[in-house]
Amino acid sequence: MTRAGAILVFSLLLAGCNLRPLYAGGSAGPVAQALRGVTVAPIQGRAGWLVRTALEDRLDARGAARYRLEVELDDDITGFGIRSDDAVTRERRTLRVRYRLVEAERGTVVLDATAGSDAGIDVVSSEYATVAAEQTALERLAVEIADQIVARVALYASRTAANGGDER
């Protein structure tokens, strides 16, 4: 089989699987417009502020809100890698969230899901360096969590648009 023939067969198979780009239509597409209609409710604490800021950067909310995103955080640091003198040599920072996408007009929860990520942190002799590493890990985790949430909300928006405004 020639290379051109293989590409043709692959193209036909791909077209048959009903695969379509998530952000089809760019900034004027239905998914981008739906994401702009999502406001993020305030989230408690520093981790909440970081996650909310990352979400707002990605959602680019404008105009009237069609949806409200409610987020609950669980931020945890666990020490492990214990030396013989009981000193911790490694930590794991875990950020878990439960989020709900609520239709603003009716108050109906249309999406209820979770997201999470973790990061390893080396504990060094300098307490300042360890605290800085913990904060840097939290900043990275907030961005990862925001990316996960926006991807799932975009998938919901895509399915809703494909079904004429009703995900079933």
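Residues numbered from 1 in each chain as written. Predicted model: local features only at pLDDT ≥ 70, side-chain atom pairs only at ≥ 80, totals over all residues. Heavy atoms only, no water.

### Some points on the nonpolar core
As a reminder of what qualifies: The term nonpolar core refers to a set of buried residues drawn from Ala, Val, Leu, Ile, Met, Phe, Trp, Tyr and Cys, joined through side-chain atoms within 4.5 Å. Only protein chains enter the accessibility calculation, which uses a 1.4 Å probe; a residue is then buried when its area is under 20% of its type maximum, exposed when over 50%, and partly exposed in between. Where helices and strands are cited, they refer to DSSP runs of H or I of at least four residues and of E of at least two residues respectively, numbered from the N terminus. When checking whether two residues touch, look at their non-hydrogen atoms; a contact exists if any pair is within 4.5 Å.
With 34 residues, the main nonpolar core has Leu 55, Leu 69, Tyr 99, Leu 101, Ile 149 and Val 153 as its most contacted residues. Those elements that place two or more of their residues in this core are α2 (30–36), β1 (38–40), α3 (45–59), β2 (67–82), β3 (88–103), β4 (109–122) and α4 (127–162). A total of 11 residues in this core trace back to one element, the largest contributor, which is α4. Look past the residues within four positions of Tyr 99 in its chain and what remains in contact with it is Leu 69, Glu 70, Val 71, Leu 111, Asp 112, Ala 113, Thr 114, Ala 115, Gln 148, Ile 149 and Arg 152.

### Digging into α3
Inclusion rule: To estimate how far a helix should reach, multiply one less than its number of residues by 1.5 Å. Throughout, the arc means the angular range of directions from the helix axis out to the C-beta atoms.
If you check α3, its first and last C-alpha atoms are 21 Å apart, about what 15 residues at 1.5 Å a residue would give, namely 21 Å. Those residues of α3 not exposed but buried are Ala 47, Gly 48, Leu 50, Val 51, Ala 54, Leu 55 and Leu 59. What you see down the axis of α3 is that its buried residues fit within an arc of 165°, all on one side. Exposed and oriented more than 90 degrees from the buried face of α3 are Trp 49 and Asp 57. Backbone geometry just downstream of α3 places Asp 60 in the positive-phi region, at approximately 55°.

### What about the packing of aromatic side chains?
The test is simple: Only centres within 6.5 Å qualify two rings of Phe, Tyr or Trp (six-membered ring in Trp) as a pair; their planes then separate them into stacked at under 30 degrees, edge-to-face at over 60, and tilted for everything else.
As enumerated under the stated definition, the model contains one aromatic pair in all. Judged by centre distance (6.2 Å) and plane angle (85°), the ring pair of Tyr 67 and Tyr 156 falls under edge-to-face. Of this pair, Tyr 67 sits in strand β2 while Tyr 156 sits in helix α4, and the two are 89 residues apart along the sequence. We note that Tyr 67, like Tyr 156, is buried.

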